[in-house]
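Chain by chain, the residues:
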Amino acid sequence: MTPRPPSSGSDPKKTTEAAAAEQPAAVKKSAARKTAKKAAPPEKAAAKKAPAKKTAAKKATAKKAVAKKTATKTTATAKTATKATAAKAAAKKAAKKAPAKKAPTKAAAKKTTAKAPAIPEPPVTPVAPGPAAAPPVEPVPGIDLVPVGAADRERLLSGTHHDPHSVLGAHPVPGGVAFRALRPYALGVTAVAGERRTELNDDGDGFFSGLLPLRDVPEYRLEVAYEGTVQHTADAYSFLPTLGELDLYLIGEGRHEQLWQALGAHPMTLRGVSGTRFAVWAPNARGVRVAGTFNFWDGTGYPMRSLGSTGVWELFVPGIGEGELYKFEITRPDGSKTLRADPLARRTEAPPATSSVVHASHHEWGDEEWMARRAERPAHEAPFSVYEVHLPSWRPGLTYRQLAEQLPAYVEELGFTHVELMPVAEHPFGGSWGYQVTGFYAPTARLGTPDDFKYLVDALHQAGIGVLMDWVPAHFPRDEWALAEFDGRPLYEHSDPLRAAHPDWGTLEFDFGRREVRNFLVANALYWCEEFHIDGLRVDAVASMLYLDYSREPGQWTPNEHGGRENLDAVAFLQEMNATVYREVPGVVTVAEESTAWDGVTRATHHRGPSGFGGLGFGLKWNMGWMHDSLQYMSHDPVHRKYHHGEMTFSMVYAYSENYVLPISHDEVVHGKGSLVSKMPGDWWQQRANLRAYLGFMWSHPGKQLLFMGQEFAQGSEWSEVRGPDWWLLDPAYGAQADHRGVRDLVRDLNAVYRATPALWTRDVHPDGFQWVTGDAAEDNVLAFLRYDADGTPLLAVSHFAPVVRPDYRIGVPDDVPAWVEVLNTDAARYGGSDVVHPDPVKPEPQGRHGRPASIRLTLPPLATVWLRPA
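Now for a quick tour of the structure.

Conventions we followed
Residues numbered from 1 in each chain as written. Predicted model: local features only at pLDDT ≥ 70, side-chain atom pairs only at ≥ 80, totals over all residues. Heavy atoms only, no water. Helix = DSSP H or I, 4+ residues; strand = E, 2+ residues; numbered from the N terminus. Buried < 20%, exposed > 50% of the residue type's maximum accessible area, 1.4 Å probe, protein only. Contact = heavy atoms within 4.5 Å. Areas by Shrake-Rupley, 256 points an atom, 1.4 Å probe, with all protein chains shown as cover. Pairing = 2+ DSSP bridges. Expected span 1.5 Å × (residues − 1). Arc of directions from axis to C-beta. Salt bridge = Lys/Arg side-chain N within 4 Å of Asp/Glu carboxyl O. Polar contact = N/O pair within 3.5 Å; in protein donor to acceptor, adjacent residues only side chain to side chain. Axes fitted to C-alpha atoms, helices over the stretch in contact; angles between N-to-C directions. Parallel < 35°, antiparallel > 145°, perpendicular 65-115°, else oblique. Nonpolar A, V, L, I, M, F, W, Y, C, P; charged D, E, K, R; others polar. 1 Å grid on protein atoms, 1.4 Å probe; cavity = no way out; pocket = protein on both sides within 12 Å on 5 of 7 lines; lining within 4 Å. Points joined across faces, edges and corners; volume = space filled by probe spheres on them. Phe/Tyr/Trp six-rings, centres within 6.5 Å; stacked < 30°, edge-to-face > 60°.

What follows concerns the overall build of the protein. What the protein contains, in helices and strands, is 22 helices and 35 strands. Counting only residues that meet the buried cut, the protein has 58% of its 871 residues in that class. The long-range share in the protein, meaning contacts at least 24 apart out of those at least 6 apart in sequence, stands at 73%. Of the roughly 33900 Å² of accessible surface on the protein, a fraction of 54% belongs to carbon and sulfur atoms.

Here 4 strands make up an open sheet; going across it, the order is 9-10-13-12 and the pairing antiparallel. Two strands lie at the open edges of the sheet, namely strand 9 (264-270) and strand 12 (305-306), each paired on one side alone. Pairing of strand 9 with strand 10 (residues 273-281), which is carried by 7 bridges, proceeds in the antiparallel orientation. Looking at strand 10, one finds that leucine 270 is bridged to valine 273.

With that settled, the discussion passes to helix 16 (residues 515-531). Along its 17 residues, helix 16 runs 23 Å from first to last C-alpha, staying within 8% of the 24 Å computed at 1.5 Å per residue. Extensive coverage of helix 16 is indicated by the burial of 13 of its 17 residues. Where helix 16 ends, the next residue or the one after it, histidine 533, has phi of about 60°, a positive value.

Across the 6 residues that make up strand 6 (residues 207-212), a large majority, 6, are buried. The side-chain alternation of strand 6 yields two buried faces, one formed by Phe207, Ser209 and Leu211 and the other by Phe208, Gly210 and Leu212. Pairing of strand 2 (residues 176-182) with strand 6 involves 6 bridges; the strand directions are antiparallel. Bridge pairing links arginine 180 to serine 209 in strand 6. Connecting strand 5 (residues 201-204) to the antiparallel partner strand 6 that follows it, the hairpin turn spans 2 residues, and aspartate 205 within it adopts a positive phi of roughly 60°.

Right, let's get into helix 8 (residues 150-158). For helix 8, the complete set of buried residues consists of Arg153, Leu156 and Leu157. Angular distribution of buried residues about the axis of helix 8 spans 95°; they occupy a single face of the element. Where helix 8 ends, the next residue or the one after it, glycine 159, has phi of about 75°, a positive value.

What follows is about the pattern of salt bridges. In this structure the tally under the stated criterion is 37 salt bridges. In this structure, the salt-bridge partner of aspartate 764 is lysine 704, at a minimum N-O distance of 2.8 Å. Of this pair, aspartate 764 sits in the loop between helix 22 (737-755) and strand 29 (770-777) while lysine 704 sits in strand 28 (residues 704-708), placing them 60 residues apart in sequence. Exposure class is identical for aspartate 764 and lysine 704. Each is buried. Its salt-bridge partner being glutamate 845, residue arginine 810 comes within 2.6 Å of it at the nearest N-O pair. Pair noted here: arginine 810 is in strand 32 (residues 806-813) and glutamate 845 is in the loop between strand 33 (820-825) and strand 34 (854-860), with a separation of 35 residues, a long-range link. Through salt bridges that share partners, Arg255, Glu257, Arg518, Glu576, Arg583 and Glu584 make up one connected network.

As a further point, take the side chain of histidine 666. Secondary-structure assignment places histidine 666 in the loop between strand 27 (660-664) and helix 21 (684-700). Note on histidine 666: relative accessible area 1%, which makes it buried. Of note is the side chain of histidine 666, whose polar atom sits 3.5 Å from the side chain of tyrosine 435. Residue contacts for histidine 666: discarding those within four places in its chain leaves Glu388, Met422, Trp433, Tyr435, Phe708 and Trp719.

We now examine the packing of helix 9 (residues 245-253) against helix 16. Here helix 9 crosses helix 16 at 110°, and the two axes come no closer than 7 Å. Considering the angle they form, helix 9 stands roughly perpendicular to helix 16. In contact with Leu250, Ile251, Gly252 and Glu253 of helix 9, helix 16 contributes Arg515, Glu516 and Asn519. Partitioned by chemical class, the residues of the contact of helix 9 with helix 16 number 2 nonpolar, 2 polar and 3 charged.

Here we come to the layout of surface pockets. It is the rolling of a water-molecule-sized probe over the atoms that shows where space remains empty. Estimates place the volume of the second largest pocket at around 730 Å³. Along the wall of the second largest pocket there are 32 residues; nearest its centre are Arg374, Arg377, Pro378, Ala379 and Gly587. At the level of elements, helix 11 (368-373) and helix 18 (568-584) are the ones that each hand at least two residues to the lining of the second largest pocket. Examining the composition of the lining of the second largest pocket, we find that 3 residues originate from one element, helix 18, more than from any other. Among the residues forming the lining of the second largest pocket, the class breakdown is 15 nonpolar, 11 polar and 6 charged.

Moving on, we come to the environment of glutamine 737. Inspection of the secondary structure puts glutamine 737 in helix 22. Of the residues examined, glutamine 737 reaches a relative accessible area of 16% and is grouped as buried. Remark: the alpha-carbon pair of glutamine 737 and phenylalanine 713, spanning 24 residues in sequence, is separated by 9.4 Å. Excluding its chain neighbours within four sequence positions, the residues that come into contact with glutamine 737 are Leu729, Leu730, Asp731 and Pro732.

For the rest of this paragraph, the subject is the environment of arginine 641. If you trace the backbone, arginine 641 turns up in the loop between helix 19 (624-635) and helix 20 (646-649). Between the C-alpha atoms of arginine 641 and glutamate 779, which are 138 residues apart in sequence, the distance is 8.5 Å. Excluding residues within four positions of it along the chain, arginine 641 makes contact with Tyr633, Met634, His636, Pro681, Asn690, Asn781, Phe801 and Leu863.

What follows covers the packing of aromatic side chains. All told, the structure shown has 46 aromatic pairs when counted by the stated rule. Aromatic pair tryptophan 728 and tyrosine 734: ring centres 5.2 Å apart, planes at 80°, arrangement edge-to-face. Taking relative accessible area as the criterion, tryptophan 728 reaches 48% and is therefore assigned partly exposed. With relative accessibility at 31%, the residue tyrosine 734 sits in the partly exposed group. Each ring, one from tryptophan 772 and one from phenylalanine 785, has its centre 5.9 Å from the other, and the planes form 85°; the classification is edge-to-face. Taken as a pair, tryptophan 772 in strand 29 and phenylalanine 785 in strand 30 (residues 782-788) lie far apart in primary sequence, 13 residues in all.

See the structure below:
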């Protein structure tokens, strides 16, 4: 292979002097005669190849030397003289037949500059020779040479050969076994089979060929001489395909659920040889080659073979190991070339660099206990409060492993059951927050390696915290090195430009109707759950996938086959994804960010609803309506809230149509929307009191909770991915830190009481788990309701959104509870409130109220939520 810079690959290496000392004499002489000029860097090698006469002169000299050595070991008989004469004649004949080395074509001369940005000239490190070399074997007189034919030669040089293994490597031919190699910039190539060594003829343009008088193809290696180094390697073109018929069948059917095991770059050992298997799906390509640090980004010598009608191209490259950078050089249908990152790369360079990285995981998991019990209870019947995190900015500058030392402890202290990570998959632009993905199978390298990310997930699990991850299967960016027109034609995107272009984000939508694309995405969902132990996928932008007319004007979209606006391909994909994940990874939950009233988002896929569609199969759905309405209500001055009371009660009209999450996400605290506390009216005290009352209402409302980082301590400024949360607000040296710490303490206690109170989560998706006490006390700005667990044990939640104290306020209650005790009050002094609390049990009185036979009298704190449960 082409000399390459140091890496973590598996090739043994030695110094230039050591390698030169160990070279066989024939190779040393050959190299000496070919290197009459100063060594040139690889980028210039194509333009500075040795003169055309070097091959003939070298071979003639080498054969004369062999003949002379033989003559000194025998007597000067006529028979010996005859043999020497014959050897000289054979050498002359070989010299005449060796073709002059052709000048590089224009394509070859421009090859390096057409690949990628200029690569710095790395030091050339020689590779130690293999076992002790045997003397060269003389070619058999009278047998023709076996160079690559003109047609194959042209296709290999132009990168359009679909089956390079049929030409290169070793093949039986009349008279023996032909050896052919394509090694640009090499000075000489020797085939070594056991004790036999045959120096191949230099056919020009990097091609070498020769014949061994053997009946069968032997096990062999190549000894490749470059200026200043000799490499010993197995021949990439001596290996059978590494993908089996079942793999190819499943890929062709779009049903390979572990696609990442088949495609991409995989270090492995074949026939005792260490290397990396590369495989990529590019059905429209005329040819595909591998380029990387190991060949100085010149893929000429590494053409891949096409594996039939599947569109998959494959090549096993010996000597390539972990840490090597690579891309695929694809020849498009029009003959032009493009250098693309691997769509299934499991590791990438840190942006703005764009290369893929050969990777193998070595992480040893320690979360066996978590994994064994996570499927014990469905998510919608379990405590489920989520802390949403943007990893790069939670503590700016921390790596995955450094985050693992801080994030689990912080989330555990606050009592959240899960974290939700904004997209972790690799993305080129940090300002997209990860929602424009280019590396769907690679955690972003900004924070470390894939194993480092596994370490973080492992640490969270060991702290008893589940991990959800934002997943973006709706669209991808147009970067020319990524998925857009990957092999020269629309492949991952829809072939119809109107269907492909996402109107809001300048991106491309996936072609959900193509089975290979669905396979790419479904397998990706499984990949994160299986390989990284992710406990849930929050699927981004589901609404944009479901509707053909999403953000499109009339004339910009075409109805489906039934004349409707539903994207039937996207519906089928989401159903397949959910069904597959729930079947293959028990305990994982999928969550839809879906902002419309689509029927059956969280209904099982095999159950049809009124619309005629089966359910999409999600486990949970973000309740965007509740979020919008409740924040709208809270933004009003309390004196006006009585006119908007329905904004806080309307959510219960549809609360059981889906399994809901109540999201206060990053989307609500950016782009001029302000932070959560800044949305509240009034002075600083009232803003915090409103926020505390709102959080108490949110945690008691049917549904799961999600809160974005920074809002748990009433950060005043809106979120910035550059700055992250304002942690300095919690610094004891800051005068108002007690105000912010009080809100954080409330969030901690909300989670603690929530997790200890089954009434708040066991019947979240069942109507019998909720009863209004009063939903129409608009004049008083009061909301009161009961939550019940599976045994009928209630919790009473009362929210008062007016800035006054209301003494002796009667609340109707069941008459079978002898006394009620306050378990949480957002107005407590320790949270920064006015401390209007109920320290003693409250007993019901036989005075009916709110349609109930008994009632209790409470002193309602200003702008507060109070929780009570049976004493």
